Amino acid sequence: MEVKGKLAKKLGTRSGEGKNGQWKVAQFVISVKDRLFCFVAWNQHAELLSEAQIGDVLTVDFKINCREYKEKYYTSLVVENLTIVEKASSQKKDDDGLPF
């Protein structure tokens, strides 16, 4: 699945080392037509996310994962591809300071 929206919030990054080497994970929220989506980005996608700023337009290709733990189910949106489409600083601004 794919969605395009503005980066609304970065929720933090964690890193560590496992049996397959080092890993890094980051969570972030994008806004699409007044709806919020929270994603999980691993490794190279987490690195790319660190370059993004709040307000940047992102395209996120993702998969939906669900897992069970102690008879409760948890769903996550996992990033498969992340692209910064437009930086917040390059977006058009109509505010010229005039009241009309």
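Above: the structure in question.
A few points on the structure. (Residues numbered from 1 in each chain as written. Predicted model: local features only at pLDDT ≥ 70, side-chain atom pairs only at ≥ 80, totals over all residues. Heavy atoms only, no water.)

**Things to note about the environment of V57**
No. 1: Considering the arrangement of structural elements, one finds V57 in strand 4 (residues 57-69).
No. 2: In this structure V57 comes out as buried when scored by relative accessible area, which is 11%.
No. 3: With 50 residues separating them along the chain, V57 and L7 place their C-alpha atoms 6.3 Å apart. (Helix = DSSP H or I, 4+ residues; strand = E, 2+ residues; numbered from the N terminus. Buried < 20%, exposed > 50% of the residue type's maximum accessible area, 1.4 Å probe, protein only.)

**Brief notes about the pattern of salt bridges**
No. 1: Across all of its chains, the model carries two salt bridges by this definition.
No. 2: For the salt bridge of K24 with E47, the shortest nitrogen-to-oxygen distance reads 3.1 Å. Of this pair, K24 sits in strand 2 (residues 21-32) while E47 sits in helix 1 (residues 44-51), placing them 23 residues apart in sequence.
No. 3: Residue classification places K24 among the partly exposed positions, given a relative accessible area of 21%.
No. 4: For the salt bridge of K87 with D56, the shortest nitrogen-to-oxygen distance reads 3.4 Å. Here K87 is found in the segment after strand 5 (72-86), whereas its partner D56 is found in the loop between helix 1 and strand 4, with 31 residues between them in sequence. (Salt bridge = Lys/Arg side-chain N within 4 Å of Asp/Glu carboxyl O.)

**What to know about the pairing of strand 5**
No. 1: As paired elements, strand 3 (residues 35-42) and strand 5 share two bridges and run parallel to each other. Its bridge partner being in strand 5, V40 is matched across the sheet by V78.
No. 2: Bridge count for strand 4 against strand 5 is 13 bridges, and the pairing is antiparallel. Looking across to strand 5, one finds that V60 is bridged to L82.
No. 3: Between the antiparallel neighbours strand 4 and strand 5 lie two residues, among them K70 with a positive phi of about 50 degrees. (Pairing = 2+ DSSP bridges.)

**Focus: the packing of aromatic side chains**
No. 1: Under the definition given, this model contains three aromatic pairs.
No. 2: Taking 5.5 Å as the distance between ring centres and 25 degrees as the angle between the ring planes, the aromatic pair formed by F28 and F39 counts as stacked. Taken together, the residues span a long stretch of sequence, with F28 in strand 2 and F39 in strand 3 at a distance of 11 residues.
No. 3: Note on F28: relative accessible area 0%, which makes it buried.
No. 4: One aromatic cluster is present, formed by F28, F39 and F62 through successive ring pairs. (Phe/Tyr/Trp six-rings, centres within 6.5 Å; stacked < 30°, edge-to-face > 60°.)

**Considerations on the sheet that holds strand 1 (residues 2-18)**
No. 1: Ordered in space as 1-2-3-5-4, the five strands form a closed barrel in which the pairing is mixed. Within this sheet the neighbouring strands show an average axis-to-axis angle of 40 degrees, counted without direction.
No. 2: Examined bridge by bridge, strand 1 and strand 2 share 11 bridges and lie antiparallel to one another. Looking at the pairing, K9 lines up with V29 of strand 2. (Axes fitted to C-alpha atoms, helices over the stretch in contact; angles between N-to-C directions.)

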